[in-house]
Amino acid sequence: MSTATSSTYSLFNTIVERSQHLPYVFHRQLCGQSNLNCHGRHRPMSICSVDAAQSFDYEHKLSSSHSSSSKTTASSRNLEKLFSSSDASFDLKLKIAIVGFGNFGQFLARTFIQQGHSVIAYSRTDHTSVATSLNVKFFSDPHDLCEEHPDVVILCTSILSTEAVIKSFPLHRLRRNTLFVDVLSVKEFPRNLFIQTLPREFDVLCTHPMFGPESGKDGWGGLPFVYDKVRIGDVESRINRCNRFLEIFEKEGCKMVEMSCMEHDKHAASSQFMTHTLGRVLSRLNLPITPIGTKGYETLLSLVENTRKDSFDLYYGLFMYNKNSTDLLVNFEEAFDEVKKELFEKLHDVVRKQLFESIPEDNKIGS
Ligand code: NAP
């Protein structure tokens, strides 16, 4: 065990001993993580989770402050710190890290902040000014973001860049006990990627808010929120943290739909990919606003408006990373051809009839 880790460990045991004076529930929580049982007797030491022990990380700061100041004051101060920010189970508000602070990441951050959660963000591009205006702390370096030890990391990057982002992300700087969430518009792909890439100690929640900055600009009430609890540790604090995250969307009135990632992708191809495809095709026509527009026409115009603001990366991601999309595109093309054929066949029948039946009997060839 490194010096930093062993001093953290002894600090932790001190905290557990002192926690006997605290309410029972806190004491039990701490006992569950130390080598002391609830009666102060030692049991064989087994380390379940040790965070990164770089000289500049959270644990090191904690242990330095413990050894440099008077033991009593440092312990009580650290204990307070431990209860107030480090362990999500003591605080109803979450510290949420958004990775990918583009269009959708910023949209989510507004509601998280409104609900009183603290939000930190990292993106490839510098979004400091917009982050500051939203009360979000922005980091240009993912290492710094991870050093903040968020309770939840929510991945809001484009579908196409997700794999590269995850593979270069300093996951080892996060607490082992971290809830990892994604909001990608496809679900099987991030699910498989997370299972293969994330440390086994991480909880994994795959979600898809079925709305965006346009469709959700007047509130999220009644809008579907799909989620799959892919891997949530069987510990009360972890279950609670996941539920607290889901409550953000429940509170806004979302229609909560628990569904497997595989099932989501089947439904999403025929609903979402189709919607985006139609929106993109129609936008090529530059449909004008007319003074005699019908309700149906207005719906078409708003479809164009809704999809026009989404990036091509997003649309391409829906196609590339959902295996059901290709079949749908092929079926769409065939359906369009069939409709066209039906029209032209009818038209040909009419024209042929006119051509042949309008000729006077005595002018017909052979008469
Ligand atoms: P997007 O174009 O899908 O993603 C933009 C984000 O991805 C930006 O933060 C961008 O970083 C980041 N990014 C793109 N290429 C990157 C790269 N090579 N390396 C690192 N980061 C990269 O647009 P979006 O609308 O914000 O969507 C974000 C995620 O939310 C997507 O996965 C999408 O499927 C999902 N989602 C979107 C909606 C919606 O309505 N828009 C709804 C539900 C779910 P920069 O900050 O540097 O530009």
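Per-chain numbering applies: the sequence of each chain, read as written, is numbered from 1 onward. pLDDT decides what is reported in this predicted model: residues at 70 or higher carry local features, side-chain atom pairs at 80 or more are listed and counted, and totals for whole chains, interfaces and linings draw on all residues regardless. Side-chain numbers come from the whole structure's heavy atoms, not from hydrogens or water.

**What to know about the overall build of the protein chain**
Applied cut-off: Going along the chain from the N terminus, every DSSP run of H or I of four or more residues is numbered as a helix, and every run of E of two or more is numbered as a strand. For each residue, the accessible area found with a 1.4 Å probe, counting protein chains only, is set against the maximum for its type, and the residue is called buried under 20%, exposed over 50%, and partly exposed in between. Throughout, a contact is declared for two residues whenever any of their heavy atoms are within 4.5 Å. Working definition of accessibility: Shrake-Rupley area with a 1.4 Å probe, residue cover restricted to the visible protein chains.
Helices and strands together make up the secondary structure of the protein chain, namely 14 helices and eight strands. Sorting the 367 residues of the protein chain into buried and exposed places 42% on the buried side. Once local pairs closer than 6 in sequence are excluded, the contacts in the protein chain between residues at least 24 apart make up 66%. On the protein chain, roughly 20400 Å² of surface is accessible, and the fraction owed to carbon and sulfur atoms is 55%.

**Digging into helix H5 (residues 103-114)**
The criterion, for reference: Multiply 1.5 Å by the residue count of a helix minus one, and that product is the helix's expected span.
Helix length check: H5, at 12 residues, gives a terminal C-alpha distance of 18 Å against a target of 16 Å (1.5 Å per residue), a fit within 8%. Those residues of H5 that sit buried are Phe104, Gly105, Gln106, Phe107, Leu108, Ala109, Thr111 and Phe112. Of the surrounding secondary structure, the elements contacted by the buried residues of H5 are strand E1 (95-99), strand E2 (118-122), helix H6 (128-134), strand E4 (152-155), strand E6 (203-209) and helix H10 (236-251). Downstream of H5 by one or two residues, glycine 116 has phi in the positive range, about 90°.

**Overview of the sheet that holds strand E8 (residues 255-258)**
Pairing between the strands of a sheet comes from backbone hydrogen bonds, and it takes one of two forms, parallel or antiparallel. Put simply, the test is: Whether two strands pair depends on DSSP finding at least two bridges between them. Only the stretch in contact is used when fitting a helix axis, every axis being a line fitted to C-alpha atoms; angles between N-to-C directions are given from 0 to 180 degrees.
One open sheet holds the eight strands; their spatial order is E3-E2-E1-E4-E5-E6-E7-E8, and the pairing between them is mixed. The strands lining the two open edges of the sheet, one partner per strand, are strand E3 (137-139) and E8. Direction aside, the axes of adjacent strands within the sheet are offset by 25° on average. The pairing of strand E5 (residues 179-182) with E6 spans four bridges and is parallel. Bridging across to E6, aspartate 182 finds its partner in cysteine 206. Each of E1, E2, E4 and E6 touches H5; the most contacted strand, E1, lies at about 170° to it.

**What about helix H11 (residues 261-283)?**
The condition is simple: Bend, in this description, refers to the angle at a residue between axes fitted to the seven residues ending there and the seven starting there.
Considering bend angle alone, the principal kink of H11 is centred on alanine 268 and spans about 50°. Along H11, the positions that sit buried rather than exposed are Cys261, His264, Asp265, Ala268, Ala269, Gln272, Phe273, Met274, His276, Thr277, Gly279 and Leu282. For H11, the elements touching its buried residues are helix H9 (188-197), E6, strand E7 (224-231), helix H12 (295-308), helix H13 (312-320) and helix H14 (324-357).

**With respect to the site of the ligand**
Inclusion rule: Each residue is tested against the molecule or strand, and it is near if at least one of its non-hydrogen atoms lies within 4 Å. For this analysis, a polar contact is any N or O atom pair within 3.5 Å, provided that within protein one partner can donate a hydrogen and the other can accept it, and provided that sequence-adjacent residues contribute only side-chain to side-chain pairs.
Close contacts around the ligand come from 26 residues, with Ser123, Thr125, His127, Ser185 and Ser311 the closest. Glycine 102 is positioned with one of its backbone polar atoms (N or O) 3.0 Å from an oxygen atom of the ligand. At 3.4 Å, a side-chain N or O of aspartate 310 approaches a nitrogen atom of the ligand. In isolation the ligand exposes 870 Å². Once the protein is present, 84% of that is buried.

**Thoughts on the environment of threonine 197**
Considering the arrangement of structural elements, one finds threonine 197 in helix H9. Expressed as a C-alpha distance, the spacing of threonine 197 and lysine 167, which sit 30 residues apart in the sequence, is 7.5 Å. Every residue in contact with threonine 197, bar those within four places of it in the chain, is listed here: Ile166 and Leu171. Within the local environment of threonine 197, its side chain forms a polar contact with the backbone oxygen of leucine 193, the two atoms lying 2.4 Å apart.

**Here's the deal with the side chain of histidine 149**
Inspection of the secondary structure assignment puts histidine 149 in the loop between helix H7 (142-147) and E4. From its side chain, histidine 149 meets the backbone oxygen of arginine 173 in a polar contact 3.1 Å long.

**Considering the environment of methionine 320**
Checked against the element boundaries, methionine 320 lands in helix H13. Judged by its relative accessible area of 44%, methionine 320 is partly exposed. Taking the C-alpha atoms as reference points, methionine 320 and leucine 160, 160 residues apart in sequence, are found 8.5 Å from one another.

**Some points on the environment of phenylalanine 101**
Topologically, phenylalanine 101 is positioned in the loop between E1 and H5. You can call phenylalanine 101 buried: its relative accessible area is 0%. In sequence terms phenylalanine 101 and threonine 125 are 24 residues apart; their C-alpha atoms lie 8.3 Å from each other. In this view, phenylalanine 101 contacts Gln106, Ala109, Ala121, Tyr122, Ser123, His127, Val130, Ala131, Leu134, Val136 and Phe138; residues no more than four positions away in its chain are not counted.

**What about unusual backbone geometry?**
Generally, phi is negative for residues other than glycine and the peptide bonds are trans, each holding for most cases. You will see that asparagine 135, though not glycine, has its phi angle at about 75°, which is positive. Residue asparagine 135 is classed as exposed on the basis of its relative accessible area of 62%.

**Observations regarding a nonpolar patch on the surface**
The test is simple: The patch calculation keeps residues exceeding 30% relative accessible area without a salt bridge and links them within 9 Å when they carry like charges or within 5 Å when they are nonpolar (Val, Leu, Ile, Met, Phe, Trp, Tyr). Salt bridge, as used here, is a side-chain nitrogen of Lys or Arg placed within 4 Å of a carboxyl oxygen of Asp or Glu.
A grouping of Val339, Leu343, Phe344, Leu347, Val351, Leu355 and Phe356 is seen on the molecular surface, where their side chains present a nonpolar patch of about 700 Å² in accessible area. Along the polypeptide, phenylalanine 356 turns up in helix H14. Judged by its relative accessible area of 54%, phenylalanine 356 is exposed.

**Considerations on the pairing of E5**
Residues in a regular strand point their side chains to alternate faces of the sheet. Filter applied, for reference: Handedness of a crossover is defined as follows: orient the strands so they point away from the viewer, and if the path from the first strand over the helix to the second runs clockwise, the crossover is right-handed.
Burial of E5 is two-sided: the residues Leu179 and Val181 facing one way and the residues Phe180 and Asp182 facing the other way are all buried. After leaving E4, the chain enters helix H8 (residues 162-168) and then returns to the sheet as E5, a path that is right-handed. For the crossover that starts at E5, traverses H9 and ends in the parallel E6, the hand is right-handed.

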